[in-house]
Each structure stands twice: as C-alpha cells, then as structure tokens.
Amino acid sequence: MFGLPPTPASVGLARRNVTELLTAWGTDPEACDNAVLVTSELVTNALTHTASERIVCRLRSDGQRIHLEVEDQNRGLSIPAQRTARLDDQGGRGLMLVGMLSSDWGTRDTAHGSGRVVWAVLPARPATVPPPSPPSPLPPDIRAHASSGLVSAPHLTRPAPHSAEGSLPHGTAARP
C-alpha cells in the first residue's frame, strides 16, 4: 500500500512502485507490464475525474493473480464506466485497456464511505497456449482447406463484460 499526492507526477510514481513491488515478488515481466499499465490508467482516472486530495494504491498477489486497487475520495459525479472513444478523441480508452488486460474489474465504496475503490484482477502469469496435439490424419477435403489456410485456428476471447462496464453497445446491460 502506498499513498500518492494529487499531482500528475503521481502516475509515474505509482508505475515505479508497482514495478518495484512486482519485480521483488518475482512476477512474470509481461504480467508486471500489464499491471503497471492498469495502475497507470486507474491513477490517471482518479486524478482526472475525482478532485481527490489523496489517492491510495494497494497491491497484492497470490502467485496466480495480481489484485490492485486505487482508492480516491469519490468526489466525481459518476462511477467509472468503459466507453467507446471516437477516433479523434484524446482520451476515453483507459478503462477499455483495463478491461482487456484484467480478468475482472469494478468499483466499490470504501468501508467508511468517504471514497471509492476501483479494483482490477490480472493474471500473474501470461496465458499459455497448450502445445499442439500430435498430428492426426485429416480427411482429404479438410486437408485441402487446411493447406489453403481456410481452416480457422482457435482464438482467445474476453469473457462477457463485467457489470462495472455499464451497457453493451447493442443496448443490453452487462451481467451483474
């Protein structure tokens, strides 16, 4: 846990602190980079949207997941929500990045009610793709498609949006 003053320099300080802690804990470098980016986005949002006089960062890891929190004084008029930025927008992509890098994220009020916590959970190790299974004989029609590149490969997709992300583009609410 570490506190930050409400100045733009705090974003860099938060990045350095998270990097030092995760490196000392032996966290995978890619997972560390992802956690640093998420921390940067959450601290930037706290500075930009809450007019807080103090910001507190908390970080913990169980070796499988990294849990990070950024607490502010909840002086903003709205809760953080992912949105779709237009091409020429200078901002508005931070929570999209948080959602892409995190397995889950959300907000809650502090226990004493004087602030808000925005939290994210990230994998402490990068996702590994299982090694390919031994080749199996393909029927001739599928073999022809495979050699032409028409057989699609499996890909990873992000789970359904978290309720903290607000409404989906097609108008339905995200799952609770």
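Residues numbered from 1 in each chain as written. Predicted model: local features only at pLDDT ≥ 70, side-chain atom pairs only at ≥ 80, totals over all residues. Heavy atoms only, no water.

S.K.: Which parts of the structure should I look at to understand the nonpolar core?
M.R.: One recurring pattern in soluble globular proteins is that nonpolar side chains are buried together. With 27 residues, the main nonpolar core has Leu42, Ile66 and Leu68 as its most contacted residues. Elements with a minimum of two residues in this core: β1 (2–4), α1 (9–24), α2 (29–50), β2 (55–61), β3 (65–72), α3 (94–101) and β5 (116–123). The element best represented in this core is α2, accounting for 8 residues. The contacts of leucine 68, once residues within four sequence positions are left out, are Ala35, Val38, Thr39, Leu42, Arg58, Leu59, Val118, Trp119, Ala120 and Leu122. (Core = buried A, V, L, I, M, F, W, Y, C linked by side-chain atoms within 4.5 Å. Buried < 20%, exposed > 50% of the residue type's maximum accessible area, 1.4 Å probe, protein only. Helix = DSSP H or I, 4+ residues; strand = E, 2+ residues; numbered from the N terminus. Contact = heavy atoms within 4.5 Å.)

S.K.: Honestly, the pattern of salt bridges in this entry has me stumped. Any pointers?
M.R.: Between side chains of opposite charge, a pair can form when the charged atoms approach closely. Enumeration over the complete set of coordinates arrives at 5 salt bridges. Ionic pairing is found between aspartate 62 and arginine 65, a salt bridge with its closest N-O pair at 2.8 Å. (Salt bridge = Lys/Arg side-chain N within 4 Å of Asp/Glu carboxyl O.)

S.K.: What am I meant to see in the pairing of β5 here?
M.R.: Looking along a regular strand, one sees the side chains alternate between the two faces of the sheet. A large share of β5 lies buried, amounting to 7 of its 8 residues. Pairing analysis gives 8 bridges linking β3 to β5, with the strands arranged antiparallel. Bridge pairing in β5 places valine 70 opposite valine 118. Relative to β5, strand β4 (residues 104–109) runs antiparallel, the two sharing 6 bridges. Looking at β5, one finds that threonine 107 is bridged to valine 118. Here β4 folds back onto β5 in antiparallel fashion, the turn holding 6 residues, of which glycine 113 has a positive phi close to 75°. (Pairing = 2+ DSSP bridges.)

S.K.: Sorry if this is basic, but what is going on with the environment of leucine 122 here?
M.R.: With respect to the secondary-structure elements, leucine 122 resides in strand β5. The exposure class of leucine 122 is buried, given its relative accessible area of 0%. In the structure, leucine 122 is positioned 17 residues away from tryptophan 105 in sequence and 8.9 Å away in space, judged by C-alpha atoms.

S.K.: Got a minute to help me understand the confidence of the model for the protein in this structure?
M.R.: Low pLDDT means the predicted coordinates in that region are not meant to be read closely. For the protein, the mean per-residue pLDDT works out to 74, and 60% of the residues sit at or above 70. Here residues 149–176 is modelled with pLDDT under 50, and outside its nearest four sequence neighbours on either side it reaches 34 contacts, counting other chains as well. (pLDDT = per-residue confidence, 0-100.)

S.K.: Any chance you could explain the environment of arginine 58 here in plain terms?
M.R.: Positionally, arginine 58 belongs in strand β2. Counting along the chain gives 56 residues from arginine 58 to phenylalanine 2, while the straight-line C-alpha distance between them is 6.7 Å. In contact with arginine 58, not counting residues within four places along its chain, are Met1, His67, Leu68, Glu69 and Glu71. A distance of 2.6 Å separates the side chain of arginine 58 from the side chain of glutamate 71, its partner in a polar contact. (Polar contact = N/O pair within 3.5 Å; in protein donor to acceptor, adjacent residues only side chain to side chain.)

S.K.: What exactly am I supposed to notice about the packing of α1 against α2 here?
M.R.: Helix-helix packing is described using two parameters, namely the angle between the two axes and the distance between the axes. The contact between α1 and α2 brings their axes to 9 Å, and the two run at 150°. Relative to α2, α1 is oriented roughly antiparallel. With respect to the hand of their crossing, α1 and α2 are arranged in right-handed fashion. Residues Ser10, Val11, Ala14, Arg15, Val18, Thr19, Leu22 and Thr23 of α1 form the contact with α2, whose own contacting residues are Cys32, Ala35, Val36, Leu37, Thr39, Ser40, Val43, Thr44 and Leu47. Residues belonging to the contact of α1 with α2 are distributed by class as follows: 10 nonpolar, 6 polar and 1 charged. (Axes fitted to C-alpha atoms, helices over the stretch in contact; angles between N-to-C directions. Parallel < 35°, antiparallel > 145°, perpendicular 65-115°, else oblique. Left-handed = near helix turned anticlockwise from the far one by under 90°. Nonpolar A, V, L, I, M, F, W, Y, C, P; charged D, E, K, R; others polar.)

S.K.: How do you make sense of the environment of leucine 37 when you look at a structure like this?
M.R.: Inspection of the secondary structure assignment puts leucine 37 in helix α2. When the C-alpha positions of leucine 37 and valine 18 are compared, they lie 9.8 Å apart, and in sequence the two are 19 residues distant. For leucine 37, the residues in contact, after removing those within four places along its chain, are Arg15 and Leu101.

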